[in-house]
Amino acid sequence: MFITFEGIEGCGKSTQVRLLADFLKDGTATILVTREPGGTEIGGKIRSILLDSVNAKIDSLTELLLYEADRAQHVEEIIRPCLEAKKIVLCDRFSDATLCYQGYARGFDLELIERLHKIILKGLKPDMTFLLDCPVEIGLGRAWKRIALAAKNRKEDRFEREETGFHEKVRQGYLHLAKAEPARFHIIDASQDIPAIHHDIASIVSSRLKSRNARTH
Ligand code: TMP
């Protein structure tokens, strides 16, 4: 089972990935928690290039290709082997993020991104995607609070510095993708508090696992 978490900055997905992992650890399956960018050692290096605001002059094609390079390494080194070993993989952002950030917001042709994904993913698709949706002002407010608390040498704020309109395009992009694939996407109201969001996600995953187990037994 491959479950991804998506949403704008400050939507709270990283917290929810951790809470779902703890919730699922009581079951029998092995859980693997990972993220993009930065789910591998090589990806960690790519992440620091992508998110550090000292790299504000990064070319947008370079940006797109670095996200895809990170993903190619991540899929082959971590995600595919874990899924083959029957683990439950929880991934904080995946290919939908590129469609929304580099496609809908940055303006790259969605078909070009889909073509890259065909080569990189070779048919791999999340079984479930949680879209943590909230207004941009709420998300960005939370994100800046987190950045203010982070250690000075770990500034990952290049995207937060984008104007509000950019983040609005990201949000609308996600809602568009969710509408196009209602069987995969679950839209969660991320303006709720943390326990309420976790409750929504955990109940959807539990019922999915139950129906899966019923089918395989
Ligand atoms: P994070 O803050 O959720 O760890 O994500 C890192 C940043 O990278 C976030 O601002 C969204 C951005 N991003 C893209 O622009 N394209 C992508 O494909 C991915 C995975 C993330």
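One can find the structure itself at the top, above this paragraph.
Residues numbered from 1 in each chain as written. Predicted model: local features only at pLDDT ≥ 70, side-chain atom pairs only at ≥ 80, totals over all residues. Heavy atoms only, no water.

Re the overall build of the chain
Here is step 1: Counting its secondary structure elements, the chain contains eight helices and five strands.
Here is step 2: From first element to last, N terminus to C terminus, the chain shows the α and β order β-α-β-α-α-β-α-α-β-α-α-β-α.
Here is step 3: Overall, the C-alpha framework of the chain stretches about 55 × 40 × 35 Å when taken along its three principal axes.
Here is step 4: Burial statistics for the chain: of 217 residues in total, 47% are counted as buried.
Here is step 5: Counting only contacts in the chain whose residues sit at least 6 apart along the sequence, the fraction spanning at least 24 positions is 79%. (Helix = DSSP H or I, 4+ residues; strand = E, 2+ residues; numbered from the N terminus. Buried < 20%, exposed > 50% of the residue type's maximum accessible area, 1.4 Å probe, protein only. Contact = heavy atoms within 4.5 Å.)

Some details on helix H7 (residues 164–180)
Here is step 1: With 17 residues, H7 extends 25 Å from end C-alpha to end C-alpha; this agrees with the ideal 24 Å at 1.5 Å per step.
Here is step 2: Along H7, the positions that sit buried rather than exposed are Phe166, His167, Val170, Arg171, Gly173, Tyr174, Leu177 and Ala178. Along the axis of H7, the buried positions cluster into a sector of 155°, meaning they face one direction only. Set apart from the buried face of H7 by more than 90 degrees, the exposed residues are His176, Lys179 and Ala180.
Here is step 3: Looking at the buried residues of H7, the elements they touch are strand S1 (2–7), helix H4 (95–105), strand S4 (128–133), helix H6 (136–149) and strand S5 (185–189). (Expected span 1.5 Å × (residues − 1). Arc of directions from axis to C-beta.)

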